[in-house]
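Below, each chain spelled out in residue letters.
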Amino acid sequence: MAAATRLISRLTLVTGGGSGIGRAVCQRLASEGASVVVADISEESANETLGSLPSDLRGQTHMAAVVDVSSKESVKNLVTSIQTHYFQPPSVCVNAAGITQDDFLLNMEEDQFDKVIQVNLKGSFLVTQAVAQALVACGAPKGSIVTVGSIVGKVGNIGQANYAASKAGVEGLTRTAAKELSRFGIRCNCVLPGFILTPMTDKVPEKVITKMKSLVPLGRMGEPAEVADVCAFLASDDSRYITGVSMEVTGGLFMG
């Protein structure tokens, strides 16, 4: 359940907000009182999420925006349009935009590798940089940047050399950003989902899902909302003394 209104009057940006974990994050942040900018490469998905957001708490206004996180210009335009619309930069940012292009290492095309790195790793860098620059420029007292990584970034996964590399990179990026930005009051943390039921896992065969479940100590797949709960905690002042960490939301999978 939402901790009522911990994010009231907070302006939040969620990339990849059109589906899956990103959509759940938008809904969760809105339920806690935040104004949410739903950013996605698909305008249709972003608007769909926008239509699902509660906006009955004080001063809440949401907007949808189209962004290609792998393009510096697109990201810059997004942050500029948010500042034009709300007269301030977002003080909370959740990087949830991500793609997969799975294949075995021996067969993987260079293009499959590049695309996943461009969106998942470079995209997280560009959005983190643009939001942090805007917050520092306006002298905002605090900010929280949450990036969605993956447990796969820690342990690897067959058929996902590109994805695992991108998600491992996101952790290194986040820890470095945490070190550099803490003096500006900006916290940077990672959330590492395990096997979560999203459009990304819809493509996975049933027998693989059954095998996956058997590996999870809690015995089931996770829900996007369960990842969103942790993102909301990291976005809020309840985590004000936490920066540079990776929080696993995996049901105990690969706990070591």
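Residues numbered from 1 in each chain as written. Predicted model: local features only at pLDDT ≥ 70, side-chain atom pairs only at ≥ 80, totals over all residues. Heavy atoms only, no water.

Details of the pattern of salt bridges
Phase 1 of the analysis: Summed over the entire model, instances satisfying the criterion amount to 11 salt bridges.
Phase 2 of the analysis: With its nearest N and O atoms 2.8 Å apart, the salt bridge here joins Arg6 to Asp238. Here the residue Arg6 occupies a position in the segment before β1 (11-15), and Asp238 occupies one in the loop between α8 (224-235) and β7 (246-249), the gap between them amounting to 232 residues.
Phase 3 of the analysis: Among the residues examined, Asp238 registers a relative accessible area of 48% and is labelled partly exposed.
Phase 4 of the analysis: Sharing partners across several salt bridges, the network here consists of Arg6, Arg28, Glu32, Asp229 and Asp238. (Salt bridge = Lys/Arg side-chain N within 4 Å of Asp/Glu carboxyl O. Helix = DSSP H or I, 4+ residues; strand = E, 2+ residues; numbered from the N terminus. Buried < 20%, exposed > 50% of the residue type's maximum accessible area, 1.4 Å probe, protein only.)

Topic: empty space enclosed by the protein
Phase 1 of the analysis: The final tally for this structure, using the stated rule, is two cavities of 30 Å³ or more.
Phase 2 of the analysis: By volume, the largest cavity is sized at about 40 Å³.
Phase 3 of the analysis: Looking at the lining of the largest cavity, the elements with two or more residues in it are β5 (143-148), α6 (161-181) and β6 (186-193).
Phase 4 of the analysis: Looking at which element gives the most residues to the lining of the largest cavity, the answer is α6, with three residues.
Phase 5 of the analysis: Residue composition of the lining of the largest cavity, by class: four nonpolar, four polar and no charged.
Phase 6 of the analysis: What the second largest cavity holds in volume is close to 30 Å³.
Phase 7 of the analysis: Together, Thr15, Val69, Asn95, Ala97, Val119, Asn120, Gly123, Ser124 and Val127 line the second largest cavity.
Phase 8 of the analysis: Element by element, the count of residues in the lining of the second largest cavity is highest for helix α4 (residues 110-137), at five residues. (1 Å grid on protein atoms, 1.4 Å probe; cavity = no way out; pocket = protein on both sides within 12 Å on 5 of 7 lines; lining within 4 Å. Points joined across faces, edges and corners; volume = space filled by probe spheres on them. Nonpolar A, V, L, I, M, F, W, Y, C, P; charged D, E, K, R; others polar.)

Digging into α6
Phase 1 of the analysis: Taking 1.5 Å per residue, 21 residues should reach 30 Å; α6 reaches 30 Å between its end C-alpha atoms and fits that length.
Phase 2 of the analysis: Looking at α6, one finds that the buried residues are Asn162, Tyr163, Ala164, Ser166, Lys167, Val170, Glu171, Thr174, Ala177, Ala178 and Leu181.
Phase 3 of the analysis: Those residues of α6 that are buried lie in contact with α4, β5, α5 (152-155), β6 and β7. (Expected span 1.5 Å × (residues − 1). Contact = heavy atoms within 4.5 Å.)

Digging into the packing of α4 against α6
Phase 1 of the analysis: Interaxial distance between α4 and α6 falls to 8 Å at its minimum, and their mutual angle equals 15°. The angle between α4 and α6 falls in the class roughly parallel. Every pair of crossing elements has a handedness; the one defined by α4 and α6 is right-handed. Side by side, α4 and α6 meet where Gln112, Phe113, Val116, Ile117, Asn120, Leu121, Ser124, Phe125, Thr128 and Ala132 of the first sit next to Ala161, Asn162, Tyr163, Ala165, Ser166, Lys167, Gly169, Val170, Leu173, Ala177 and Leu181 of the second. (Axes fitted to C-alpha atoms, helices over the stretch in contact; angles between N-to-C directions. Parallel < 35°, antiparallel > 145°, perpendicular 65-115°, else oblique. Left-handed = near helix turned anticlockwise from the far one by under 90°.)

Quick notes on the side chain of Glu171
Phase 1 of the analysis: Relative to the helices and strands, Glu171 is located in helix α6.
Phase 2 of the analysis: Not counting residues up to four positions away in its chain, the partners in contact with Glu171 are Gly153, Lys154, Cys190, Leu192 and Ser246.

A look at the pairing of strand β4 (residues 92-95)
Phase 1 of the analysis: Covered by surrounding structure in β4 are Val92 and Val94 together with Cys93 and Asn95, the residues of both alternating faces.
Phase 2 of the analysis: In this structure, β1 lies alongside β4, joined through four bridges in parallel fashion. Note that in β4 the partner of Leu13 across the bridge is Cys93.
Phase 3 of the analysis: Relative to β5, β4 runs parallel, the two sharing four bridges. Directly across from Cys93, in β5, lies its bridge partner Ile145.
Phase 4 of the analysis: Tracing the backbone out of β4, into α4 and back to the parallel element β5 gives a crossover that is right-handed. (Pairing = 2+ DSSP bridges. Right-handed = clockwise from strand over helix to strand, strands pointing away.)

Focus on the sheet that holds β4
Picture the strands of a sheet paired through backbone hydrogen bonds; they go either parallel or antiparallel.
Phase 1 of the analysis: With respect to topology, seven strands assemble into an open sheet ordered β3-β2-β1-β4-β5-β6-β7, the strand pairing being parallel. Only two strands of the sheet have a single neighbouring strand rather than two, namely β3 (63-66) and β7. On average, each strand axis in the sheet is inclined to that of its neighbour by 20°, with strand direction left out of account.

Considering the layout of surface pockets
Phase 1 of the analysis: Volume-wise, the largest pocket comes out at about 1,300 Å³.
Phase 2 of the analysis: Elements represented by at least two residues in the lining of the largest pocket include exactly α1 (20-31), β2 (35-40), α6 and α7 (206-215).
Phase 3 of the analysis: For the lining of the largest pocket, the element with the highest residue contribution is α7, accounting for four residues.
Phase 4 of the analysis: Considering the residues around the second largest pocket, the lining is formed by Phe125, Thr128, Gln129, Ala132, Gln133, Leu173, Thr176, Ala177, Glu180 and Leu181.
Phase 5 of the analysis: Here the lining of the second largest pocket is built from residues that sort into five nonpolar, four polar and one charged.

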